[in-house]
Amino acid sequence: MRLVAEGLSARRGEDLIFRDISFEIAGGEALIVTGANGSGKSTLLRVLAGLLAAEAGTARLLAAAQPVERLAEAAHYLGHRNAMKRELTVDENLTFWKAFLGDFAGGAGLSVDEAADRVGLGGIVHLPFGTLSAGQQRRMAMAKLLVAWRPVWILDEPTAALDVAAESMFAGLVTAHLSRGGIAIAATHQPLGLDGVRELRMTGFTGVAETVW
Amino acid sequence: MSEPSLAIRKFSDLANPTRFLALVAIVWPWLAALTVCLFAVGLYLSFASVDDYQQGQTVRIMYVHVPAAWLSMMCYTVMALSALGTLVWRHPLADVSAKAAAPLGAGFTLVALITGSLWGKPMWGTWWVWDARLTSVFVLFLMYLGLIALNRAMDDPTRAAKASAILILVGFVNIPIIKFSVEWWNTLHQPASVMRMDGPTIDPAFLWPLLIMAVAFTMLFFTLHILAMRNEILRRRIAVLRRHAARSAGEAA
Amino acid sequence: MIALLARDLKLSMRAGGGALIGVLFFMTVVAVIPFGVGPDLNLLARIGPAILWIGALLASLLGLDRLFQAEREDGSLDLLLMQETPLVLTVFIKCLAHWLATGLPLVIASPLLGLFMNMDEVAIGATTLTLLVGTPAITFIGAAGAGIAVALPRGGLLVSILVLPLAIPVLIFGVSAVYAAIQDPAPFLPPFLILVALNLFFAVIGPVAAAAALRLSSD
């Protein structure tokens with residue numbers, strides 16, 4: 001399995017956030033996207049997740065366990081927001097995502113309890129999501145990555161609200177995912193504590209796109 | 001920037017805004033002159049034509065009312081075509097066209113409603129009847145206002161254009177249904193008893209001025225439309241220049 | 001898909017009694033009308049079906065703007081957009097859940113309000129039946145408005161303004177069918193079948209338009 005990005009460009013308004021970004025990641029590898037605030041990390045990840053149309057270029061997943069048209073279908077996206085409902089319990093949230101997302105070919109998701117255990121919060125899945133602390137909420141959002149199998153993880157500032165212990169826990173999750181042959185792409189300020197990962201430095205604002213006006 | 005953005009290459013050269021502006025600069029004086037001439041002829045004929053034996057002088061309202069009503073519908077058609085241009089070909093001029101047409105359409109619809117009301121007072125003895133036509137034109141007017149409100153509510157012109165394009169098309173599909181249902185409703189509640197000016201029964205003495213006025217109104221619409229499009233393009237250029245100025249000030253600091 | 005339906009239903013039960021508020025609004029609107037037109041029972045019986053329909057129409061629009069906005073705010077919309085499941089289907093299911101949670105209670109409450117309006121059994125039955133068929137259509141066409149206004153901070157009012165003109169046919173045929181059932185010469189079936197047709201038609205274009213709007217609105 002390979003993730004191939006070729007000549008990606010994206011813009012917001014008429015600012016070209018980045019231009020001509022190409023990379024290739026094989027299964028078991030991770031790519032860390034670094035750069036200052038506003039350098040286009042999030043934009044790149046949203047383009048990869050198919051949530052933002054690229055101005056130019058393509059990102060494809062080749063030789064996956066099942067052919068995919070869009071990379072998004074084979075990917076988890078963990079954005080700044082947790083995509084969990086405050087009114088529902090953690091269990092209901094995770095059960096819903098597990099059923100709705102379903103497993104991608106070539107893997108199986110963990111059960112809700114197991115996933116909660118993995119993020120170190122087993123035993124509180126019966127609580128409403130809204131009653132959890134910010135750090136706990138973030139960890140439960142990570143458990144979402146585990147309940148349904150997706151070969152590609154797209155992570156936007158995954159450890160922003162977390163303490164050191166939780167960071168190392170998360171590094172463990174990513175390492176385990178890579179060892180299963182998965183791919184991880186993470187945008188981050190701080191090192192994730194992963195070994196031997198490639199790094200992509202975003203510089204941000206590569207110019208003003210010529211507008212049609 | 002040496003490399004032109006891909007988005008530009010996609011647009012055919014013929015329709016790029018600069019070409020369009022150049023075209024407008026040549027065309028609009030002629031179009032405006034034609035409009036004035038047609039109005040001169042049309043208005044002259046309207047006032048020179050004989051009085052209707054039943055309606056008297058008030059029949060002359062028709063020469064404004066009917067073309068305005070016709071344009072209120074044509075304008076929506078233009079917007080629907082533009083909306084297709086926005087969604088299918090992602091053409092920025094189509095955005096501009098739809099946006100520029102909405103206030104014009106609302107204006108013509110309002111003229112149709114007001115003249116219809118003025119006409120209705122002497123004819124039907126009331127300013128407003130819930131006649132099928134009046135009602136559906138009124139609903140159309142509401143839809144125009146809704147579209148303008150939607151356009152105003154969004155900051156980013158590109159996204160506003162896409163959102164309103166979808167709404168325009170949904171509306172376009174619905175207009176026949178609304179028209180049909182209003183007619184159904186009307187026949188159920190109150191039989192249409194008012195005299196209608198439409199149909200082939202119209203006398204040629206009225207038909208000619210009406211046709212010329214219709215063409216004049218259409219030309220007026222096109223003149224106003226391309227000028228409104230020009231203004232919108234210029235407005236967007238100014239917005240771009242302002243952001244450039246803000247950015248270069250930021251870089252200098 | 002069933003998971004989505006179940007989740008949305010659970011959410012609407014828990015999130016501040018959303019379903020109940022719709023019914024409450026419906027009841028309040030209908031209860032206010034007699035104060036406006038006077039307590040003449042014959043008059044109320046005559047305009048009752050229309051009042052119920054207008055009340056239900058307004059109540060169905062309530063909360064419609066949150067249909068996608070809530071998903072967008074907590075980031076769930078991103079995940080819904082990414083899946084292999086066609087977005088149109090996802091939107092359809094969300095509409096269905098929204099109708100079950102807010103539209104169906106209105107239908108169930110309408111016979112009771114019909115009694116307040118001094119309507120006879122036939123009128124009450126016909127109103128309930130037409131509401132059952134008509135309110136989904138309002139939800140579906142409303143979803144298009146909700147999708148268009150999803151990115152707007154104060155989209156609520158705008159959704160109503162955009163959707164109401166489009167919902168006029170539903171109102172017309174809903175009310176005509178009821179009056180056709182009460183008044184003898186007019187046949188009940190034609191307007192009722194047109195109402196059914198409108199429902200099916202809106203069930204297609206509503207989700208399609210909403211899905212297109214959601215795709216375009218993501219950034």
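All values derive from a computational prediction rather than experimental measurement.

Conventions adopted
- Residues numbered from 1 in each chain as written.
- Chains lettered and ligands numbered in written order.
- Predicted model: local features only at pLDDT ≥ 70, side-chain atom pairs only at ≥ 80, totals over all residues.
- Heavy atoms only, no water.
- Pairing = 2+ DSSP bridges.
- Helix = DSSP H or I, 4+ residues; strand = E, 2+ residues; numbered from the N terminus.
- Axes fitted to C-alpha atoms, helices over the stretch in contact; angles between N-to-C directions.
- Patch = residues over 30% accessible without salt bridge, like charges linked within 9 Å, V, L, I, M, F, W, Y side chains within 5 Å.
- Areas by Shrake-Rupley, 256 points an atom, 1.4 Å probe, with all protein chains shown as cover.
- Salt bridge = Lys/Arg side-chain N within 4 Å of Asp/Glu carboxyl O.
- Lys, Arg positive; Asp, Glu negative; His and termini not counted.
- Charge placed at Lys NZ, Arg CZ, Asp CG, Glu CD.
- Expected span 1.5 Å × (residues − 1).
- Bend = angle between axes of the 7 residues up to and from the residue.
- Buried < 20%, exposed > 50% of the residue type's maximum accessible area, 1.4 Å probe, protein only.
- Polar contact = N/O pair within 3.5 Å; in protein donor to acceptor, adjacent residues only side chain to side chain.
- Contact = heavy atoms within 4.5 Å.
- Buried area = accessible area lost by both parts, 1.4 Å probe.
- Nonpolar A, V, L, I, M, F, W, Y, C, P; charged D, E, K, R; others polar.
- Phe/Tyr/Trp six-rings, centres within 6.5 Å; stacked < 30°, edge-to-face > 60°.

Asker: How would you summarise the sheet that holds strand E8 (residues 198–201) of chain A if you had to cite specific residues and measurements?
Answerer: Residue and element names in this part refer to chain A. Ordered in space as E5-E6-E7-E3-E8, the five strands form an open sheet in which the pairing is parallel. Strands with a single pairing partner mark the edges of an open sheet, and in this sheet they are strand E5 (75–78) and E8. Averaged over all adjacent pairs, the angle separating strand axes in this sheet is 15°, with direction ignored. As judged from the four bridges shared by strand E3 (residues 30–34) and E8, these two strands associate in the parallel manner.

Asker: Tell me about a negative patch on the surface, and please be specific about residues and values.
Answerer: All names here are of chain A. Judged by side-chain charge, Asp91, Asp113, Glu114 and Asp117 come together as a negatively charged surface patch. Considering every element that reaches the negative patch, the biggest residue donor is helix H3 (residues 112–118), with three residues. Residue placement: Glu114 occurs in helix H3.

Asker: Please give an account of helix H8 (residues 155–182) of chain C that cites residues and values.
Answerer: Over its 28 residues, H8 of chain C runs 39 Å from end to end, which matches the ideal 40 Å to within 8%, given 1.5 Å per residue. Within H8 of chain C, the axis deviates most sharply at Leu166 of chain C, by approximately 45°, and proline Pro169 of chain C lies no more than four positions further along.

Asker: Run through unusual backbone geometry, naming residues and quoting values.
Answerer: Positive phi is not limited to glycine here, since Glu157 of chain A has a value of about 45°. Note that Glu157 of chain A resides in the loop between strand E6 (152–156) and helix H5 (164–179). Its relative accessible area of 10% is what places Glu157 of chain A among the buried residues. Its identity is not glycine, yet Arg90 of chain B carries a phi of approximately 50°, on the positive side. Along the chain, Arg90 of chain B falls in the loop between helix H3 (62–88) and helix H4 (92–124).

Asker: Break down the pairing of strand E1 (residues 2–12) of chain A for me, with residues and values.
Answerer: Residue and element names in this part refer to chain A. Looking at chain direction, E1 and strand E2 (residues 15–26) are connected through eight bridges and run antiparallel. When the bridges of E2 are listed, Val4 appears paired with Glu24. Bridge count for E1 against strand E4 (residues 56–62) is six bridges, and the pairing is antiparallel. Note on E4: the bridge partner recorded for Arg2 is Leu62.

Asker: An account of the side chain of Ser46 of chain B is needed here, citing residue identities and associated values.
Answerer: Residue and element names in this part refer to chain B. Within the fold, Ser46 resides in helix H2 (residues 17–48). Take Ser46: its relative accessible area is 2%, and that puts it in the buried class. Among the polar contacts made by the side chain of Ser46, one reaches the main-chain carbonyl oxygen of Gly42 at a distance of 2.5 Å. When sequence neighbours within four positions are dropped, the list of residues in contact with Ser46 reads Arg60, Tyr63, Pro209 and Met213.

Asker: Give a detailed account of the interface of chain C and chain A, specifying residues and quantitative values.
Answerer: Facing 26 residues of chain C, the contacting portion of chain A comprises 28 residues. Carbon and sulfur atoms supply 59% of the area buried between chain C and chain A, which totals about 2400 Å² over both sides. With a closest N to O distance of 2.9 Å, Lys85 of chain A and Asp74 of chain C form a salt bridge. Taken together, chain C and chain A are joined by eight residue pairs in polar contact (both at pLDDT 80 or more). The class makeup of the residues in the side of chain C that touches chain A is ten nonpolar, five polar and eleven charged.

Asker: How would you explain the packing of aromatic side chains if you had to name every residue and give the values?
Answerer: All names here are of chain B. This model, assessed by the stated rule, comprises 17 aromatic pairs over all chains. On the basis of an interplanar angle of 65° and a centroid distance of 5.7 Å, the ring pair of Tyr76 and Tyr144 is categorised as edge-to-face. Taken together, the residues Tyr76 in helix H3 and Tyr144 in helix H5 (residues 132–153) connect sequence positions 68 residues apart. By the burial criterion, Tyr76 is buried, and Tyr144 matches it. Ring centres 5.8 Å apart and planes at 65° place the aromatic pair Trp128 and Phe138 in the edge-to-face group. With Trp128 in the loop between H4 and H5 and Phe138 in helix H5, this pair connects stretches of sequence that are ten residues apart.

Asker: Give me the lowdown on the environment of Ile26 of chain B, citing residues and values where you can.
Answerer: Inspection of the secondary structure assignment puts Ile26 of chain B in helix H2. Taking the C-alpha atoms as reference points, Ile26 of chain B and Ile61 of chain B, separated by 35 residues in sequence, lie 34 Å from one another.

Asker: Which residues make up the pattern of salt bridges, and what values go with them?
Answerer: Enumeration according to the criterion identifies 20 salt bridges over all chains in this entry. Through salt bridges with shared partners, a single ionic network connects Lys85 of chain A together with Arg7, Asp8, Glu71, Asp74 and Lys94 of chain C.

Keep in mind these numbers describe shape, not what the thing actually does.
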